[in-house]
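# Close look at the chain arrangement
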Amino acid sequence: MSPADAAASAPSDERSPADADTPAAPSEAIEARYGRTKRNRSRDRLLLVLGGAAVAIVLVAWVAWAGLDGSKPQIQATDLGHVLQPDERAVEVTWQLSVPAGNETACIVQAFNEDFTVVGWKVVEIPASDKPIREFTETVRTAQEANTGLINRCWLT
């Protein structure tokens, strides 16, 4: 074998111009080391699709639940004021109640001292009416001298 033949059969370190544009393919061992095998890509794609489907199911369920929740009548109680009656150890609380016509309701009226401790409370039952918005005044007797009076909450009965 002549030196020219040996040079021709020996692998060349230089690449041809056509090979310069395409990167060398990484070996399968390197791809397996870093988790880039075809099996891992398929698994990742499947997990992504399943995760997206789970999020979509939860979103649809929440929208359906929130849509059905709006069927209850809305009740709103607004404090309008209070009058302290220290001689009688009582507070007169005035509030406005907004409830759909024809619904019986009940409200808790509370009296507080200067430390915001409840010193008196009363459950007031309100009969149904044709008017959706009504104003009420209720006197709450207290165990100590009160500083204010408020509506705690109202509900349908």
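I will try to describe carefully the structure that is included in this document.

Rules of the game
- Residues numbered from 1 in each chain as written.
- Predicted model: local features only at pLDDT ≥ 70, side-chain atom pairs only at ≥ 80, totals over all residues.
- Heavy atoms only, no water.
- Helix = DSSP H or I, 4+ residues; strand = E, 2+ residues; numbered from the N terminus.
- Buried < 20%, exposed > 50% of the residue type's maximum accessible area, 1.4 Å probe, protein only.
- Contact = heavy atoms within 4.5 Å.
- Areas by Shrake-Rupley, 256 points an atom, 1.4 Å probe, with all protein chains shown as cover.
- Pairing = 2+ DSSP bridges.
- Axes fitted to C-alpha atoms, helices over the stretch in contact; angles between N-to-C directions.
- Core = buried A, V, L, I, M, F, W, Y, C linked by side-chain atoms within 4.5 Å.
- Disulfide = S-S within 2.5 Å.

## So, the overall build of the protein
What the protein contains, in helices and strands, is 4 helices and 6 strands. For the protein, the α and β elements follow one another from N to C terminus as α-α-α-α-β-β-β-β-β-β. Burial statistics for the protein: of 157 residues in total, 21% are counted as buried. Across the protein, every contact between residues at least 6 apart in sequence was considered, and the portion connecting residues at least 24 apart equals 61%. As displayed, the protein has an accessible area near 11,900 Å², and 56% of this comes from carbon and sulfur atoms.

## So, the sheet that holds strand β6 (residues 148-156)
Reading across the sheet, the 3 strands line up as β4-β3-β6 and stay open at both edges, with antiparallel pairing between neighbours. At either end of the open sheet lies a strand with only one pairing partner, and these are β4 (118-126) and β6. Ignoring which end each strand starts from, the neighbouring axes of this sheet average 20° apart. By the bridge criterion, 8 bridges tie strand β3 (residues 105-112) to β4 in an arrangement that is antiparallel. Opposite Ala-106, over in β4, you have Glu-125 as the bridge partner.

## A few points about the nonpolar core
Residues Trp-95, Leu-97, Cys-107, Val-109, Ala-111 and Ile-126 are the most contacted members of the largest nonpolar core, which totals 16 residues. Mapped onto this core, the elements with two or more residues apiece are β2 (90-98), β3, β4, β5 (133-141) and β6. A per-element tally of this core places β2 first, with 4 residues. In contact with Cys-107, other than residues within four places in its own chain, are Trp-95, Leu-97, Lys-122, Val-123, Val-124, Ile-126, Arg-153, Cys-154 and Trp-155.

## Brief notes about the environment of Thr-105
Here Thr-105 is to be found in strand β3. As for Thr-105 and Glu-125, which are separated by 20 residues in sequence, their C-alpha atoms are 6.1 Å apart.

## Points about the sheet that holds β5
Spatial strand order, β1-β2-β5: 3 strands in an open sheet with antiparallel pairing. The open sheet terminates on both sides in strands that have one partner only, identified here as β1 (76-85) and β5. On average, adjacent strands in this sheet sit at an angle of 20° to one another, irrespective of strand direction. As judged from the 9 bridges shared by β1 and β2, these two strands associate in the antiparallel manner. Along β2, the bridge assignment pairs Gln-76 with Ser-98.

## A look at the state of the cysteines
Tallied over the entire structure, the rule returns 1 disulfide. Each sulfur of the disulfide joining Cys-107 and Cys-154 lies 2.0 Å from the other. Its torsion about the S-S bond being 110°, the disulfide of Cys-107 and Cys-154 is classed as right-handed. One end of the pair, Cys-107, is in strand β3; the other, Cys-154, is in strand β6, and 47 residues separate them in sequence. There is no split in this pair, since Cys-107 and Cys-154 are both buried.

Geometry only, nothing functional implied.
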